[in-house]
Each structure stands twice: as C-alpha cells, then as structure tokens.
Amino acid sequence: MFNNLTKNFSNAFAQLLGRDKIRDADFDTSMRDIRIALLEADVALPVVKELVDKIRARAIGEKIIDGVKAGEQIVKIFSDEITAILGGENKPVAKSGIIMMAGLNGTGKTTSAAKLAALLKKDGAKVLLASADTYRPQAREQLAILAEKAGIDSLPIIENETPEAIAKRALKAASNYDVMIFDTAGRLHIDDEMMTEIKSLKKILAPTEILLTIDAFAGQDALTLATQFNEALSLTGAIITRMDGDARGGVALSLFGATNIPVKFVGTGEKIDDLEAFHPDRTASRILGMGDIVSLVETAQEKIDDAEAERIAEQMFEGAFTFDTMLDHIRQIKKLGSASGIIKFLPGIGGLADRLQQAGMNDDSVKKQEAMILSMTKSERRNPDIILMGRKKRIAAGAGVSVNDVEKLIKQFEKSKKMMSGLKSMGGVKGIMEMMKNMQGGQP
Ligand code: GDP
Ligand code: MG
C-alpha cells in the first residue's frame, strides 16, 4: 500500500542519515523530496504543509542528543509528527452499546460490519448484526449470510419494513447483546434523503459509535464527504477499506489531519478476518521503514533525560548548599535545556515547579546568575555571609550587572538553600518519591 511512499522517503532521508551535522541546503532538499513524496501519495495539501512545517520547526529548535547523529534525530522527529497527524494513538472501538455504520454505496459498510462483529466476538462480546438497507435487493441477505458464516446472530428479516421500524425492532433485540452493529443504506452520492434517514436512525438508536467507511481508492473528495457526514452525524471514527489494494493511501494519511476523524480500522481484504485496528505509530514506522533508527533515538533520549535528571535531583540534596552548588545546578539545567526533566523526579510537591522558577532557575536569568557567581571568589561562594557592600560592588562590576542584581541573587540563594534543606529533611528524591507513593495508595 505505502510501498512507493516508503521508497521515496528512504531516498529523501538518505541524504541526511549518518551525518553529524546537516547543512541547511541538504535539509531543504530532503524536505522538498518529502513534500513531493507525500503529495504523490495523494495526501491532502494542508496536511502535507502542516507536517513539513512542524518537522522544520522542530528540527531547527531541538538540541542534538548526545550519541545520536543529526540525521537520525530528524527521522525520529518525522516519525513523531507523522504519528501525531495520523491521530497519535490507536482509538479503540466501544465494546458495548450500538455501533452504526455509515457511508456511500460500495465502500464496504456491510462487509466491515460483519468483520467488526467477528473481531468483537473474538474479544468475548455477544454481538448482534442488523441491516436497514431496504433499498438494494439482497442487501440485508448479504449481511445475514456473512453473519451466519461467522456464527454471529443477525436480526431476522421482515419484508416491507421501513428502516425506522427495523431500527426500533433492532433496538429491542439488542438488549440481549453486548454490542449491536447496525448497517445502513448508502447512496452513490450524499443526498438530503439519505442524510435525513440516517439522522432519524441515529435518533432512534442513540449509538455509542458511528463509523464511516471510506474506500482507500477514493480521492481527495472523500475528505469533503467525510466532513459532511461528520457535520450531520458527529462520527466517532472511520474505517478505511481496500487498504490491501494498490491505492496510494492518501485518504488514510490525510483523514485525521484534515478532518479530526480518527481512523479506527483498516480493511485489508474481502475475508471476514481482514480487518485491523489502526495504529498511527505502527503505520508511521511502516511508512518510514526506519523503526530501528526511531527506537535507537528514543532510547538515547530517555536514557539521557532520566539519568541526568535523577542524578541532578539527587545532587541537589548532597552536601552543604553553597554558591558552587547553585552554579552546578545552573549549568546542569542549562545543559538539559530546562528544569522540567528534574521536576519530573520531584513529583507532586505543591508548586515546586513555580518555586524552582522563583529560585531563579528559569532559562532567561541563568546567564546573568552564572556570570555573577563566576565573579565571586572561592571563599565568597562557600561563605556568602562575607559578601558585604564592597564585595557586592566588585561582583556586580565583574558580571556587568547592578548591585541590585547581586542582592537579588543572594536572596534567591538563601531561598533555594532553605527549600533544599526542607526537601532534604523529607529524605531527598527517594524519600519524596516514597512519600508520594504512600500518599497515592501505592501508585508511583
Ligand atoms: P457497502 O455497499 O458499503 O455495504 O459495501 P460492501 O460491504 O457490500 O462491499 C462492497 C465490495 O467491496 C464487496 O465486494 C466487498 O467484498 C469489498 N470489500 C469490502 N471491504 C474490502 C477490503 O477491505 N478489501 C477488499 N479487497 N475488498 C473489500
Ligand atoms: Mg451494504
């Protein structure tokens, strides 16, 4: 399905992989190739634009992780962003209540209804299938036959019943089941009559899920169609059918980004088992074909973030708190990019993040603070009490700041020192974590 796209992506990334540093011109070439590859796969233009813009912004803004090459990191950024635009995480379907199918003729409503019933049955649910397609001859029989083959109950067919009457009868029957999947009639094009009917069915059934089937071979107009269905029915998700064919797959890749309707399943064949839950992350890694690189970067990222943050958090409680300690913290926080990683290790302490900010650990003021501490002598750093007016003036001049700034720094230092000793008396990082665990009833 995404074969061409994968091939074009790997060509686009080939110019970046293995590089420690990436020249702007090479990055631009890659981004251009990626853009073309997405457009060739029939991904909607606004979605392509959003994706490329986000990757560019992150690639420029992110600091390079130690032990990871720049090219690999861009692959990871790309994987994150494509996962996000595909809907982030898998959105499971409800396992109880009523699931109503919607969609144009021939998009796979009936087949998908039966496939989904079989899938839920495997999960242990008691499922009823019902069809209100009274327009096409044999449409209801088609569902009944599929149901019987799969060993699933279906609502008995009564001739000359209206869709509304079927819905009411189905609703009664559904009380003996965990899930009822309700198949509806489609049209070749969306029309008022069809919408009026399906809206009144929705009113009767009050379904937990309304799933739209979309043919993977449908072009960009399927997005407009999906939007119209969504406006009329508030869809809870979509099933993209015929993903087994050689369609370019643009609809599947664009739907969430363009309409916010999550793809819940994809149809991958005509058989009853040919329905798969849709996982944005797996799809992204399949398209990229670079799962190894992505997990390598992820591991490096986590290792650094967690190890550094925990080490720094532990160190905060070691020894006496002096200006040297403060300088250490400032430098480590600068290296990490922000204080957020450390705060993760001091969970839930009321307003601690704010207090760290007040204590002068926000990114803006760290440079100034570093300069002031560097202007101090060794004994001043260890013993701040000796910093009287004369020394304050000297430090201010050395750091290119005002005496007022030095006084502020000393106040911040005192505050941090008090905070640290307070936290220390709670047993440091481990003690605080332990305490939080106890408070939350064993939850870490
Ligand atoms: P409906 O009119 O929306 O109810 O569509 P149907 O469920 O009757 O499906 C129309 C045709 O598409 C049938 O021949 C199905 O076997 C076929 N079909 C449905 N889903 C898939 C799929 O995921 N892959 C393939 N290859 N065929 C499918
Ligand atoms: Mg049908």
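Refer to the structure presented above.
In this report, the structure presented in the accompanying data block is examined.

Rules of the game
Residue positions are counted from 1 within each chain, in the order its sequence is given. For naming, the first written chain is A and the first written ligand is 1, with later ones following in the order written. Confidence filtering applies because this is a predicted model: local features only for residues at pLDDT of at least 70, side-chain atom pairs given and counted only at 80 or more, and all residues used for totals across whole chains, interfaces and linings. To obtain the side-chain values, all non-hydrogen atoms of the structure were used and water was disregarded. Each axis is a line fitted through C-alpha atoms, and for a helix only the stretch in contact is used; angles between axes span 0 to 180 degrees, taken between their N-to-C directions. Helix numbers and strand numbers start at the N terminus; a helix is a DSSP run of H or I with at least 4 residues, a strand a run of E with at least 2. Geometric relationships in this document are graded by angle, where less than 35 degrees denotes roughly parallel, more than 145 denotes roughly antiparallel, 65 to 115 denotes roughly perpendicular, and other angles denote oblique. Note on definitions: a residue-residue contact is assigned when non-hydrogen atoms from the two residues lie within 4.5 Å. A pair of strands counts as paired when DSSP detects no fewer than two bridges linking them. Neighbouring residues are identified by heavy atoms, a residue being near a molecule or strand if any of them is within 4 Å of it. Contacts described as polar in this section are N or O atom pairs within 3.5 Å, which, within protein, must combine one atom able to donate a hydrogen with one able to accept it, while residues neighboring in sequence count only if both atoms come from side chains. Using the Shrake-Rupley algorithm and a 1.4 Å probe, accessible areas are obtained, with residue cover drawn only from the displayed protein chains. Charged residues are taken to be Asp, Glu, Lys and Arg, nonpolar residues to be Ala, Val, Leu, Ile, Met, Phe, Trp, Tyr, Cys and Pro, and polar residues to be all remaining types, Gly included. Any residue under 20% of the maximum accessible area for its type is buried, any over 50% is exposed, and the rest in between are partly exposed; the area is computed with a 1.4 Å probe on protein chains only. Note on terminology: a nonpolar core comprises buried Ala, Val, Leu, Ile, Met, Phe, Trp, Tyr and Cys residues joined through side-chain atoms within 4.5 Å. A cavity, in this analysis, means grid points on a 1 Å lattice covering only the protein atoms where a 1.4 Å probe fits yet has no way out; a pocket is instead an open set bounded by protein on both sides within 12 Å along at least five of seven lines, and a residue lines either one if it has an atom within 4 Å of a point. Grid points are joined across faces, edges and corners, and a volume is the space filled by probe spheres set on the points. Working rule for helices: expected span equals 1.5 Å times residues minus one. When the centres of two rings from Phe, Tyr and Trp lie within 6.5 Å, Trp using its six-membered ring, the rings pair. Their planes under 30 degrees apart give stacked, over 60 give edge-to-face, and anything left gives tilted.

Topic: the packing of helix H1 (residues 3-14) against helix H11 (residues 280-288)
To characterise two packed helices, one gives the angle between the axes of the helices and the distance between these axes. Two numbers describe how H1 lies on H11: the axes approach to 7 Å, and their chain directions differ by 70°. In this view, H1 runs roughly perpendicular relative to H11, as classed from their interaxial angle. Judged by residue contacts, Leu 5, Thr 6, Phe 9 and Phe 13 of H1 engage Arg 286, Ile 287 and Leu 288 from H11.

A word on the sheet that holds strand S2 (residues 127-131)
Sheet architecture is open: 8 strands sit in the order S3-S2-S4-S1-S5-S6-S7-S8, paired in mixed fashion. Two strands lie at the open edges of the sheet, namely strand S3 (153-154) and strand S8 (275-277), each paired on one side alone. Where strand S1 (residues 97-102) meets strand S4 (residues 179-183), 4 bridges bridge the pair, whose relative direction is parallel. Bridge pairing in S4 places Ile 98 opposite Met 180.

With respect to the site of ligand 1
Taken together, the neighbourhood of ligand 1 is formed by 18 residues, with Gly 106, Lys 109, Thr 111, Arg 242 and Asp 244 sitting nearest. Contact distances for ligand 1 include 2.8 Å between an oxygen atom and a side-chain N or O atom of Arg 136. Between ligand 1 and Gln 142 there is a distance of 3.0 Å, counted from an oxygen atom to a side-chain nitrogen or oxygen. Protein chains bury 83% of the 580 Å² of accessible surface belonging to ligand 1 in isolation. Per-element tally for the shell around ligand 1: the top contributor is helix H5 (residues 109-122), with 4 residues. Class assignment of the residues belonging to the shell around ligand 1 gives a composition of 1 nonpolar, 11 polar and 6 charged.

Focus on the side chain of Thr 322
Mapped onto the elements, Thr 322 comes out in the loop between helix H12 (291-315) and helix H13 (323-336). Looking at Thr 322, the relative accessible area reads 13%, which means it is buried. Dropping the residues within four chain positions of it, Thr 322 is found in contact with Arg 381, Arg 382 and Phe 413.

A closer look at the nonpolar core
Counting 71 residues, the largest nonpolar core has Phe 9, Phe 182 and Ile 240 as the members making the most contacts within it. Examining the composition of this core, we find that 6 residues originate from one element, helix H4 (residues 70-85), more than from any other.

Here's the deal with helix H10 (residues 250-259)
The buried fraction of H10 amounts to 8 of the 10 residues, a majority that puts the element mostly inside the structure. Of the positions making up H10, those classed as buried are Gly 250, Val 251, Ala 252, Leu 253, Ser 254, Leu 255, Phe 256 and Thr 259. Of the residues one or two after H10, Asn 260 is the one with positive phi, at around 70°.

Concerning empty space enclosed by the protein
Applying the stated criterion across every chain yields a total of 2 cavities of 30 Å³ or more. If you add up the space inside the largest cavity, you get close to 80 Å³. For the largest cavity, the full set of lining residues is Leu 129, Ala 130, Ser 131, Arg 140, Leu 143, Ala 144, Ser 154, Leu 155, Pro 156, Ile 157, Ile 166 and Arg 169. In terms of residue class, the lining of the largest cavity is made up of 8 nonpolar, 2 polar and 2 charged. Its boundaries defined by the atoms lining it, the second largest cavity holds a volume of some 40 Å³. If you go around the second largest cavity, the residues you meet are Leu 38, Val 43, Val 47, Leu 51, Ile 82, Ile 85, Leu 86 and Leu 253. Only helix H3 (45-61) and H4 provide two or more residues apiece to the lining of the second largest cavity. Grouping the amino acids of the lining of the second largest cavity by side-chain chemistry returns 8 nonpolar, no polar and no charged.

Some details on H4
Spanning 16 residues, H4 covers 23 Å between terminal C-alpha atoms, matching the ideal 22 Å at 1.5 Å per step. Among the 16 residues in H4, 14 count as buried, and that is most of the element.

Quick word on the packing of aromatic side chains
Applying the stated rule across the entire model yields 4 aromatic pairs. Where Phe 9 meets Phe 78, the ring centres are 5.1 Å apart and the plane angle is 75°; that geometry is what we call edge-to-face. Taken as a pair, Phe 9 in helix H1 and Phe 78 in helix H4 lie far apart in primary sequence, 69 residues in all. Note on accessibility: Phe 9 and Phe 78 belong to one class, buried. Taking 5.3 Å as the distance between ring centres and 25° as the angle between the ring planes, the aromatic pair formed by Phe 321 and Phe 413 counts as stacked. Of the two residues, Phe 321 is situated in the loop between H12 and H13 and Phe 413 in helix H19 (residues 403-424); the sequence distance between them amounts to 92 residues. Classification of Phe 321 by relative accessible area gives buried; the value is 9%. Each residue in the set Phe 9, Phe 13 and Phe 78 is aromatic and connected to the rest through ring pairs, giving one cluster.

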